[in-house]
Amino acid sequence: NSKQEAYVNLELPDPTNGEYLLSVFHLVPGGKFNVLQAAAEVAAESSTGTNFKVNTETSFSKTMNALVYQIDLERELVWIAYPWRLFDRGGNVQNILTYIVGNILGMKEVAALKLLDVWFSPSMLEQYDGPSYTVDDMRKYLDVYERPILGTIVKPKMGLTSAEYAEVCYDFWAGGGDFVKNDEPQANQDFCPYDKMVKHVKEAMDKAVRETGQKKVHSFNVSAADFDTMIQRCEMIINAGFEPGSYAFLIDGITAGWTAVQTLRRRYPNVFIHFHRAAHGAFTRPENPLGFSVLVLSKFARLAGASGIHTGTAGVGKMKGTPEEDVVAAHGIQYLSSEGHFFKQAWTKIPETDKDAIGLVNEDVAHHVILEDDSWRGMKKCCPIVSGGLNPVRLKPFIDVMGNVDFITTMGSGVHAHPGGTQLGARALVQACDAYLKGIDIQEYSRGHEELAQAIEYFAKASKDAM
Ligand code: RUB
Ligand code: MG
C-alpha cells in the first residue's frame, strides 16, 4: 500500500550516514494490522504523515518521511530512521520527543510500542548542548575522587519546617556526607517557605563546613509553576551567598518538562543540573508495553544537558529495575562511547572543519569507536544519580553491579532510619564506603565501627521483615 511505499525502505543504503536519528521499537500490532503495516503507520504518524495520504504533500515534504529500515519479526522489533532535519533548530529535545514518543503511543494500530534505544549521529550531536557543569566539576569542588559522592534526601518527604529541614542537612554533613537533595516535592509550602528553607540551609552548610573542614553541596528543587518562579528560585539561591559549586538545581524533568531542563542548562552553565525523573515509571517499566526505556530517557537527558539524572538501582534498592536496564543506561550517559541495547553510541562532537580530515562525513560511524579518549571534544558526561531504597549495607552490592564508582548516591531512609539518627546514619554510610575502598567486608569492618554495626543490624533485620 502507499503508506508502506512512502514510509518503509528495507534497503535504505546507509542509515548511519549522519542524516538520521535511528531508533528501535518493540512493536506488536493492534487489531487486524500486520507488523509492516503497523510500523509504516508509526513511521508516518511520528514524522510527516497521518492516517490517509494527503494531497498537500510536496516532493520536499516526502524527503522528511521517517523510514522503517529493518524488521525482526521473531523479536518483534522495528528499526526506524528519522531524517533529523525534521527537528526544531536550536537543539530542542522536547521537539524530538513530540515526534518519536508522541501521538504514536496512542495509536490503534499498535498493541505494544516501546522505544528501546536511539542513536544520534555525530552531525546531529553538534546541534545539542549536552551537559556543561559535570560531576567532575562537583568532584573538584568537593575534593572527592574515586568513590561515589555520598548523599541523602531529607525525610520525611514533607512536613518539616525550614529550620527542622536544615537541621537534618547539618546532621548529615556533620556526619561526613557530601551531598543533600531536596526531596522532589519540596517547594514553597506554607509550613516551610522556600526563602526560609534556603536561608537555613545556608547557615547549616556554613556550620558544617566550618566544623568538618570539608566542602558540601545542596541540590535545591527549583521546579515551579512557571518560568519566572523557577528562575526566581534559582536567583534566590545564588543571592543567598552560597559559594559557587555548593549548590545544584534539581528539576523534576518529566513533570516540569524538557523546556525547564534546557532552560536551566542554558541559563546556568556553571551549576550542576540535577534531573529527577518522577513519573518515568509510567513510560519505562518493562511490564508496560507502551513508552520508552530508561536508556532512552537517560540519553535524552544527556542530550538536553542535564549534569546528572536518576538511573535506578538495578534492583538493589526499592524501585523496580534490572542491570540490563539501569546499568546500561548509566553507562550510556557516563562514558564517551558505550554499547546501548542496540546501538553503540559514541558521543563525539566533531568540529565542522575536522570532519573531512577524519573522514566521517558519509561513513558508517555507528559501529566505529570514534576518538574515544579525545574527551575535550566529546559531549560531556551526564552523571548517574542512584537512589531509591538504598542504605549503607547495599552500597557495595550496587557498586558491584554498576562496575564503577563514578556516580552520586542519595539515600533517604537508608540514612535517617539509622537507630542513632541522621548523623550516625551518615557516618555509617561513610564507613560502608571506606570498607569498600579498603576491600574489607562490611561485617568485618563494622567491628570497631559502631555506626556501621548498628546500620547492618538495623537494615539487615528491616529488609528481612519486609520480605
Ligand atoms: C528516594 C527518593 C527518590 C527516589 C526516586 O528516597 O526520594 O525520589 O530515589 O527514584 P529513599 P529513582 O532513599 O528513602 O528511598 O532514583 O529511581 O528515580
Ligand atoms: Mg524522592
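In this report, we go over the structure that sits alongside the text.

How each quantity is defined
- Residues numbered from 1 in each chain as written.
- Chains lettered and ligands numbered in written order.
- Predicted model: local features only at pLDDT ≥ 70, side-chain atom pairs only at ≥ 80, totals over all residues.
- Heavy atoms only, no water.
- Buried < 20%, exposed > 50% of the residue type's maximum accessible area, 1.4 Å probe, protein only.
- Helix = DSSP H or I, 4+ residues; strand = E, 2+ residues; numbered from the N terminus.
- Pairing = 2+ DSSP bridges.
- Donors = N, O, S within 2.8 Å, 3.2 Å for Na, K, Ca; no water.
- Arc of directions from axis to C-beta.
- Contact = heavy atoms within 4.5 Å.
- Polar contact = N/O pair within 3.5 Å; in protein donor to acceptor, adjacent residues only side chain to side chain.
- Near = heavy atom within 4 Å.
- Areas by Shrake-Rupley, 256 points an atom, 1.4 Å probe, with all protein chains shown as cover.
- Nonpolar A, V, L, I, M, F, W, Y, C, P; charged D, E, K, R; others polar.
- Axes fitted to C-alpha atoms, helices over the stretch in contact; angles between N-to-C directions.

1. Focus on the pairing of strand 9 (residues 272–276)
Line of reasoning, step 1. Counting buried residues along strand 9, five of its five residues qualify, which places the element largely inside the surrounding structure.
Line of reasoning, step 2. Here strand 9 pairs with strand 11 (residues 308–310) via two bridges, running parallel. Note on strand 11: the bridge partner recorded for Phe275 is Ile309.

2. Things to note about unusual backbone geometry
Line of reasoning, step 1. Cis geometry is found at the peptide bond from Lys155 to Pro156, where omega equals 0°.
Line of reasoning, step 2. Phi is positive for Glu76, close to 55°, though the residue is something other than glycine.
Line of reasoning, step 3. Looking at Glu76, the relative accessible area reads 35%, which means it is partly exposed.
Line of reasoning, step 4. Unlike most non-glycine residues, Asp143 shows phi in positive territory, near 60°.

3. Here we look at the coordination of the magnesium ion (ligand 2)
Line of reasoning, step 1. In the first shell of the magnesium ion (ligand 2), the protein supplies Asp183 (OD), Glu184 (OE) and Glu184 (OE), at 2.0 to 2.6 Å from the metal.
Line of reasoning, step 2. Accessibility expressed as a relative area gives 1% for Asp183, which makes it buried.
Line of reasoning, step 3. Exposure remark for Glu184: the relative accessible area of 17% places this residue in the buried category.

4. With respect to helix 6 (residues 135–142)
Working note: α-helix, 3.6 residues per turn, so residues spaced by three or four point in the same direction.
Line of reasoning, step 1. For helix 6, the set of buried residues is Val135, Met138, Arg139, Tyr141 and Leu142. One face of helix 6 carries all of its buried residues, which in axial projection span an arc of 160°.
Line of reasoning, step 2. Considering only its buried residues, helix 6 is in contact with strand 5 (149–153), strand 6 (179–181), strand 7 (217–221), strand 9, strand 14 (383–387) and strand 15 (408–410).
Line of reasoning, step 3. For helix 6, the N-terminal capping position is held by Thr134, with its side-chain oxygen 3.1 Å away from the main-chain nitrogen of Asp136.
Line of reasoning, step 4. With its phi angle positive at about 60°, Asp143 sits one or two positions after the end of helix 6.

5. With respect to the pairing of strand 4 (residues 110–119)
For a regular strand, the rule is simple: side chains alternate between the two faces of the sheet.
Line of reasoning, step 1. Counting buried residues in strand 4 gives nine out of ten residues, a clear majority hidden from the surface.
Line of reasoning, step 2. Note: strand 1 (residues 20–29) against strand 4, eight bridges, orientation antiparallel. By the bridge assignment for strand 4, Pro29 is matched with Val110.
Line of reasoning, step 3. As defined by bridge partners, strand 4 adjoins strand 10 (residues 290–292) across three bridges and the pair is classed as parallel. Across the sheet, the residue bridging to Leu115 is Phe292, located in strand 10.

6. Observations regarding the site of ligand 1
Line of reasoning, step 1. Every one of the 15 residues lining ligand 1 counts as a neighbour, but Arg277, His310, Ser387, Gly389 and Gly412 are closest to it.
Line of reasoning, step 2. Here Lys155 contributes a side-chain N or O atom positioned 2.9 Å from an oxygen atom of ligand 1.
Line of reasoning, step 3. When ligand 1 sits alone it has 450 Å² of accessible area, and the protein chains cover 95% of it.
Line of reasoning, step 4. Of the residues contributing to the shell around ligand 1, the split by class is three nonpolar, seven polar and five charged.

7. Quick notes on the sheet that holds strand 4
Line of reasoning, step 1. Across the sheet, five strands lie side by side as 2-3-1-4-10; this open sheet has mixed pairing. Each edge of the sheet is formed by a strand with only one pairing partner; in this case those strands are strand 2 (67–72) and strand 10. Averaged over all pairs of adjacent strands, the angle between their axes in this sheet comes to 20°, without regard to strand direction.
Line of reasoning, step 2. In this sheet, strand 3 (residues 77–83) lies alongside strand 1 in antiparallel orientation, the contact comprising seven bridges. Following the sheet pairing, Phe25 is matched in strand 3 by Val78.
Line of reasoning, step 3. Set on the sheet, helix 13 (residues 294–304) makes contact with strand 4 and strand 10; between it and strand 4 the angle comes to about 45°.

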